[in-house]
Amino acid sequence: MKKNYVLLTYALLICTAAPQKALADEVWKTEEYKVVYQEDRNKTAMWRYGSDGVIFIDGLAGVFNDRGSYNGYWVQKSSSVRCDTYREGADGKPTYHWGRFKVTFIDSKFPSRWKADISLCDRDPVMTLNGTPVTK
């Protein structure tokens, strides 16, 4: 019995000491896609959308409250425009189908709505998407 108590205490300590993670809990619907907060890579958050789209957002990883505006870029296997330069995709390989992505969070607490300005390549924004949290 004592061994089980020690294991249970250890498990509770690990759970309560673990950092807060939004990640898979954060899902939004937009006018175009469902967007899922997939993972963090260092200080960059990775969101996924559609069948092969990935958004890299600099400085968002580990930030769960009082979010502001963040810059990043999206990548896909193909799009309506092939850029002259490439960006790294989720698999580490270069892709010429990308664009800028600037997201601004609307609410200070989780889950938050957001607005994103999206461009093709490094051009001016051509579209605005509105993210609304999908809650259970």
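Before reading on, note that the structure itself is shown above.
Here goes a summary of the coordinates provided. (Residues numbered from 1 in each chain as written. Predicted model: local features only at pLDDT ≥ 70, side-chain atom pairs only at ≥ 80, totals over all residues. Heavy atoms only, no water.)

1. Some thoughts on the state of the cysteines
Among covalent bonds in proteins, the disulfide is the one between the sulfur atoms of two cysteines. All chains considered together, the criterion is met by 1 disulfide. Covalent S-S linkage joins Cys83 and Cys121, the inter-sulfur distance amounting to 2.1 Å. As the torsion about the S-S bond is roughly -100 degrees, the Cys83-Cys121 disulfide counts as left-handed. Here Cys83, found in the loop between strand E5 (69-75) and strand E6 (87-88), pairs with Cys121, found in the loop between strand E9 (114-119) and strand E10 (125-133); they are 38 residues apart in sequence, far enough to count as distant. This pair shows no difference in class: Cys83 is buried, exactly as Cys121 is. (Disulfide = S-S within 2.5 Å. Helix = DSSP H or I, 4+ residues; strand = E, 2+ residues; numbered from the N terminus. Buried < 20%, exposed > 50% of the residue type's maximum accessible area, 1.4 Å probe, protein only.)

2. Some thoughts on the side chain of Arg67
Relative to the elements of secondary structure, Arg67 occurs in the loop between strand E4 (53-58) and E5. Its relative accessible area of 7% is what places Arg67 among the buried residues. Side-chain polar atoms of Arg67 contact the side chain of Glu26, separated by 2.8 Å. (Polar contact = N/O pair within 3.5 Å; in protein donor to acceptor, adjacent residues only side chain to side chain.)

3. Observations regarding the pattern of salt bridges
Taken as a whole and assessed by the stated rule, the structure comprises 4 salt bridges. Notably, a salt bridge pairs Arg41 with Glu39, separated by 4.0 Å at the nearest N-O pair. Using a relative accessible area of 29% as the deciding quantity, one classes Glu39 as partly exposed. Between Asp107 and Arg113 there is a salt bridge; the shortest N-O distance is 2.8 Å. Its relative accessible area of 24% is what places Asp107 among the partly exposed residues. By relative accessible area, which is 37% here, Arg113 ends up partly exposed. (Salt bridge = Lys/Arg side-chain N within 4 Å of Asp/Glu carboxyl O.)

4. Considerations on the packing of aromatic side chains
In the structure shown here, the tally under the stated rule is 11 aromatic pairs. Between the aromatic rings of Trp28 and Trp47, the centroid separation amounts to 4.6 Å while the plane-to-plane angle is 35 degrees, which identifies the pairing as tilted. Of the two residues, Trp28 is situated in strand E1 (residues 27-29) and Trp47 in strand E3 (residues 44-49); the sequence distance between them amounts to 19 residues. Centre to centre, the rings of Tyr33 and Tyr49 are 5.0 Å apart; their planes meet at 55 degrees, and the pair counts as tilted. You can see Tyr33 sitting in the loop between E1 and strand E2 (34-41) and its partner Tyr49 sitting in strand E3, a full 16 residues away along the chain. Classification of Tyr33 as partly exposed rests on a relative accessible area of 36%. An aromatic cluster of at least three residues, connected via ring pairs, comprises Trp28, Tyr37, Trp47, Tyr70, Phe101, Phe105 and Trp114. Across from the ring centre of Phe105, 4.8 Å away, lies the NZ or CZ of Arg67, which sits over that ring. (Phe/Tyr/Trp six-rings, centres within 6.5 Å; stacked < 30°, edge-to-face > 60°. Lys NZ or Arg CZ within 6 Å of the ring centre and 35° of its normal.)

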